[in-house]
Amino acid sequence: MNFIHLIFYAFAIAALVSGFMVVVARNPVHSVLFLVLTFFSMAGVWILLRAEFLALILVLVYVGAVMTLFLFVVMMLSINQVSEREGFVKYLPWAALMMLVITGMIVVVVGPEHFGLTQMPAPPPEGANFNNIANLGAVLYTDYAYAFEIAAVILLAGIVAAIGLAHREPRDRKSQTIEKQIAVRPNERLRIIKDSK
Amino acid sequence: MEGLLLIATIVIKIAVIVFVLILCVAYLTFFERKVIGFMQTRIGPNRVGPFGLFQPFADVIKLLNKEIIFPSASNRFLFVIAPMISIATALAAWAVVPFSESVVLANINAGLLYILALSSLGVYGVLIVGWAANSKYALFGAMRAAAQSISYEIAMGFAIVGVMMAAGSLNFQAVVTAQQGGIWHWFWLPLLPLFFVYWISGVAETNRAPFDVAEGESELVAGFHVESSGMLFALFFLAEYANMILISTLAAILFFGGWLSPFQGIPVLESWFAFVPGFAWLVLKLSFFVFCYLWFRATFPRYRYDQIMRLGWKILIPVTLVWIVVVALLVQFHIGPWFN
């Protein structure tokens, strides 16, 4: 048990506990904040795996942007907390069943028979000058270029669809023409009335 | 034992950086009041010590002694933790900032990404306190801060992507050395539109005038920290000023050559000013940008909310998108004098 293990267990326990609290927290705002903590702890674990690019992107995109929007929306809604709890007992057996199936699958796939050190030996430690980001970029734009481009196009289609759903014609709403507002000169709006004396 | 020694030296370095930074923040508040005072033909604080120089200490002692009031309907835990998040992210970002050729706490590969990630976390302090205080004004301030920081983070991120492409690295030292060769080789010239976008969104990210709708004294009393008193308020204040200095330092490093001398490549002046350490140049450059913050506050009226959103989404982001393509072409075809 050295220092690295200590850091790993700290982040891992934080991730598990906060992940559990996301589900059981009574207040939706607390749930979102626990989800933020889960992401943050996972970023810590990824840093220990020397995947600093992925860890920082996780913090930047999910914690910094996506969860901020989540929190924004959840704060604006006044969710009736009692009615949200009503279906808890009804759905519990199904949820438990799903959880058992998923846990079983993970145990089989990631267990020692298929994912142990004999099947998947630990990668050799890289030198101090190893550049994770440069290597990732090199692989992403050569070996996986098509997959990368397809993912980008799907995301673009998603953006277009979201804008298409939310878009309203300009005539349906009041909007200010800022160009006109900026172009206004004082003598169009103000008239100085001098004393006639 | 060696590991312990290593940790001890790192802790000492961190303590030095934090101590100097907090001293700078304290004097920045004093300097702000003086500068804005002179701009408005007032004198500014001049009672405590010679020329009012001990005013920051008086303010700190006052804030430390004030009672912390918890609104009765507030969420106490989040109300206390929020300013801590603000100050922690504001201070942690300094870990990768290079002060000169060799002086940096952590010279990591992904330094630029680390700074972006941490600066995107700072908004949580504002959001959480706005919700936890259970006050309408605080909630409005937090909402505005969240919408504004998400919008301007995109523009700022794209501006920094341009710098990454021009330097070919995410490491701060590499970014600075890529600008070697005198004032015309610094990135402000090839990346001029990105520099303006970065600086405008930097001012917006720190919630300073003319983008200070999150505080908006005339509409929201004090915005997100309206219910915070004493030390809780002081931490928000400290975080805001530390972030101002950070954004100014980044502007100096990314676009104005960091610790490089401006006289590089000029025959006589270069040797005359060779004795000046890199750190001094960095401080001079960042001081100019910090001064700009105060200058803006004394000059510009506050933006209207819809104007802020229009500027961010319809002007700054398209400008960065166009200029990223231009930078890519400049770098790809080795167009001089910058990318030979």
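Since the model is a prediction, treat every value here as computed from it, not as a measurement.

Analysis parameters
Residues numbered from 1 in each chain as written. Chains lettered and ligands numbered in written order. Predicted model: local features only at pLDDT ≥ 70, side-chain atom pairs only at ≥ 80, totals over all residues. Heavy atoms only, no water. Helix = DSSP H or I, 4+ residues; strand = E, 2+ residues; numbered from the N terminus. Rg over C-alpha atoms; globule rule 2.2 N^0.38 Å. Lys, Arg positive; Asp, Glu negative; His and termini not counted. Charge placed at Lys NZ, Arg CZ, Asp CG, Glu CD. Buried < 20%, exposed > 50% of the residue type's maximum accessible area, 1.4 Å probe, protein only. Contact = heavy atoms within 4.5 Å. Areas by Shrake-Rupley, 256 points an atom, 1.4 Å probe, with all protein chains shown as cover. 1 Å grid on protein atoms, 1.4 Å probe; cavity = no way out; pocket = protein on both sides within 12 Å on 5 of 7 lines; lining within 4 Å. Points joined across faces, edges and corners; volume = space filled by probe spheres on them. Nonpolar A, V, L, I, M, F, W, Y, C, P; charged D, E, K, R; others polar. Axes fitted to C-alpha atoms, helices over the stretch in contact; angles between N-to-C directions. Parallel < 35°, antiparallel > 145°, perpendicular 65-115°, else oblique. Left-handed = near helix turned anticlockwise from the far one by under 90°. Domains from an automatic or database assignment. pLDDT = per-residue confidence, 0-100. Phe/Tyr/Trp six-rings, centres within 6.5 Å; stacked < 30°, edge-to-face > 60°. Lys NZ or Arg CZ within 6 Å of the ring centre and 35° of its normal. Disulfide = S-S within 2.5 Å. Buried area = accessible area lost by both parts, 1.4 Å probe. Salt bridge = Lys/Arg side-chain N within 4 Å of Asp/Glu carboxyl O. Polar contact = N/O pair within 3.5 Å; in protein donor to acceptor, adjacent residues only side chain to side chain.

Caption draft 1: Focus on the overall build of chain B. Secondary structure summary: chain B contains 13 helices and zero strands in total. Order of helices (α) and strands (β) in chain B, N terminus to C terminus: α-α-α-α-α-α-α-α-α-α-α-α-α. By the compact-globule yardstick of 20 Å for 340 residues, chain B fits well, its C-alpha radius of gyration being 21 Å. Summarising its shape, the C-alpha atoms of chain B cover approximately 65 × 55 × 50 Å along the three principal directions. Averaging the coordinates of the 17 positive side-chain charges in chain B and doing the same for the 15 negative ones gives two points 7 Å apart.

Caption draft 2: How the structure looks around the overall build of chain A. In terms of helices and strands, chain A carries 10 helices and zero strands. Overall, the C-alpha framework of chain A stretches about 100 × 55 × 35 Å when taken along its three principal axes. When each of the 197 residues of chain A is scored for burial, the buried share is 18%. Contacts in chain A between residues at least 24 apart in sequence constitute 55% of all its contacts with a sequence separation of at least 6. Carbon and sulfur atoms make up 71% of the accessible area of chain A, which amounts to about 15800 Å² in all. Charge centroids of chain A, computed over 14 positive and 12 negative side chains, lie 19 Å from each other.

Caption draft 3: Expanded view of empty space enclosed by the protein. Residue and element names in this part refer to chain B. One pass over the structure, following the stated rule, counts two cavities of 30 Å³ or more. What lines the largest cavity is a set of 22 residues, and nearest its centre among them are G122, V123, E205, T206 and N243. Considering every element that reaches the lining of the largest cavity, the biggest residue donor is helix α10 (residues 230-255), with six residues. Taken together, the residues that form the lining of the largest cavity break down as 11 nonpolar, eight polar and three charged.

Caption draft 4: Structural detail: the packing of helix α3 (residues 52-76) of chain A against helix α4 (residues 111-121) of chain B. Running from N to C, α3(A) and α4(B) point in directions that differ by 25°, and their axes come no closer than 9 Å. Between α3(A) and α4(B), the interaxial angle falls into the category roughly parallel. Two packed elements cross with a definite hand, and for α3(A) against α4(B) that hand is left-handed. Along its contact with α3(A), which presents A:F53, A:L56, A:I57, A:V59, A:L60, A:V63 and A:G64, the element α4(B) presents B:L113, B:Y114, B:L116, B:A117, B:S120 and B:L121. Of the residues belonging to the contact of α3(A) with α4(B), the class tally is 11 nonpolar, two polar and no charged.

Caption draft 5: Examining the domain arrangement of chain A more closely. Partitioning chain A into domains gives domain 1 (1-79) and domain 2 (130-164). Of note, the centres of domain 1 of chain A and domain 2 of chain A, computed from C-alpha atoms alone, are 24 Å apart.

Caption draft 6: Spotlight on the confidence of the model for chain B. Residues and elements named next belong to chain B. Residues with a pLDDT of 70 or more make up 100% of chain B, whose mean pLDDT is 86. Confidence, expressed as mean pLDDT per element, reaches its minimum in chain B at helix α9 (residues 217-220) with 76 and its maximum at helix α8 (residues 192-205) with 91. The complex prediction reports pTM at 0.86, with the ipTM value standing at 0.82.

Caption draft 7: Broad picture of the packing of helix α3 (residues 76-92) of chain B against α10(B). All names here are of chain B. Contact geometry of α3 with α10 gives a least axis separation of 8 Å together with a crossing angle of 20°. One finds that α3 runs roughly parallel with respect to α10. In terms of crossing hand, the pair formed by α3 and α10 is left-handed. Along its contact with α3, which presents F79, V80, A82, P83, M84, S86, I87 and A90, the element α10 presents L232, L235, F236, L238, A239, A242 and N243. The class makeup of the residues in the contact of α3 with α10 is 13 nonpolar, two polar and no charged.

Caption draft 8: Representation of the packing of aromatic side chains within the structure. Taken as a whole and judged by the stated rule, the model has 29 aromatic pairs over all chains. Across from the ring centre of B:W186, 4.1 Å away, lies the NZ or CZ of B:K285, which sits over that ring.

Caption draft 9: Spotlight on the environment of B:A155. Residues and elements named next belong to chain B. Relative to the helices and strands, A155 resides in helix α6 (residues 136-167). For A155, a relative accessible area of 0% translates into the label buried. In this structure, A155 is in contact with V197, S201, L316, I317 and T320, ignoring residues within four places of it in sequence.

Caption draft 10: Up close: unusual backbone geometry. Residues and elements named next belong to chain B. Following A209, the chain continues to P210 via a peptide bond in cis, the omega torsion being 5°. In this structure, N134 takes a positive phi of about 55° despite not being glycine. The topology assignment puts N134 in the loop between α5 (123-132) and α6. Judged by relative accessible area, which is 52%, N134 ranks as exposed.

Caption draft 11: The state of the cysteines, seen in detail. This structure, assessed with the given rule, holds zero disulfides over all chains. There is no disulfide at B:C24, and the cysteine sulfur nearest it, in B:C292, is 17 Å away.

Caption draft 12: Looking closely at the confidence of the model for chain A. Taken over all residues, the pLDDT of chain A has a mean of 83, while the share at 70 or more is 91%. When mean pLDDT is compared element by element in chain A, helix α8 (residues 145-166) of chain A scores highest at 92, while helix α4 (residues 81-85) of chain A scores lowest at 58.

Caption draft 13: Structural detail: the layout of surface pockets. Its boundaries defined by the atoms lining it, the second largest pocket holds a volume of some 900 Å³. Taken together, 23 residues line the second largest pocket, and the ones lying closest to its centre are A:I57, A:L60, A:V61, B:F158 and B:V161. Elements with a minimum of two residues in the lining of the second largest pocket: α3 and α7 (132-140) of chain A together with α4 and α6 of chain B. The class makeup of the residues in the lining of the second largest pocket is 20 nonpolar, two polar and one charged. Of the residues that make up the lining of the second largest pocket, three or more belong to each of domain 1 (1-79) and domain 2 (130-164) of chain A.

Caption draft 14: Looking closely at the interface of chain A and chain B. Tallying the contact residues gives 30 residues for chain A and 26 residues for chain B. In this assembly, chain A packs against chain B so that about 2400 Å² is buried in total across both faces, 76% of it on carbon and sulfur atoms. Where chain A touches chain B, the interface holds one salt bridge. As a salt-bridge pair, B:R310 and A:E179 come within 3.4 Å of each other at their nearest N and O atoms. Across the chain A-chain B interface, the total number found is five residue pairs in polar contact (both at pLDDT 80 or more). For the side of chain A that touches chain B, the elements supplying multiple residues, two or more each, are α2 (28-48), α3 and α9 (178-183) of chain A. Looking at the side of chain A that touches chain B, the element that brings in the most residues is α3(A), giving 16 residues. Its residues assigned to classes, the side of chain A that touches chain B shows 21 nonpolar, seven polar and two charged.

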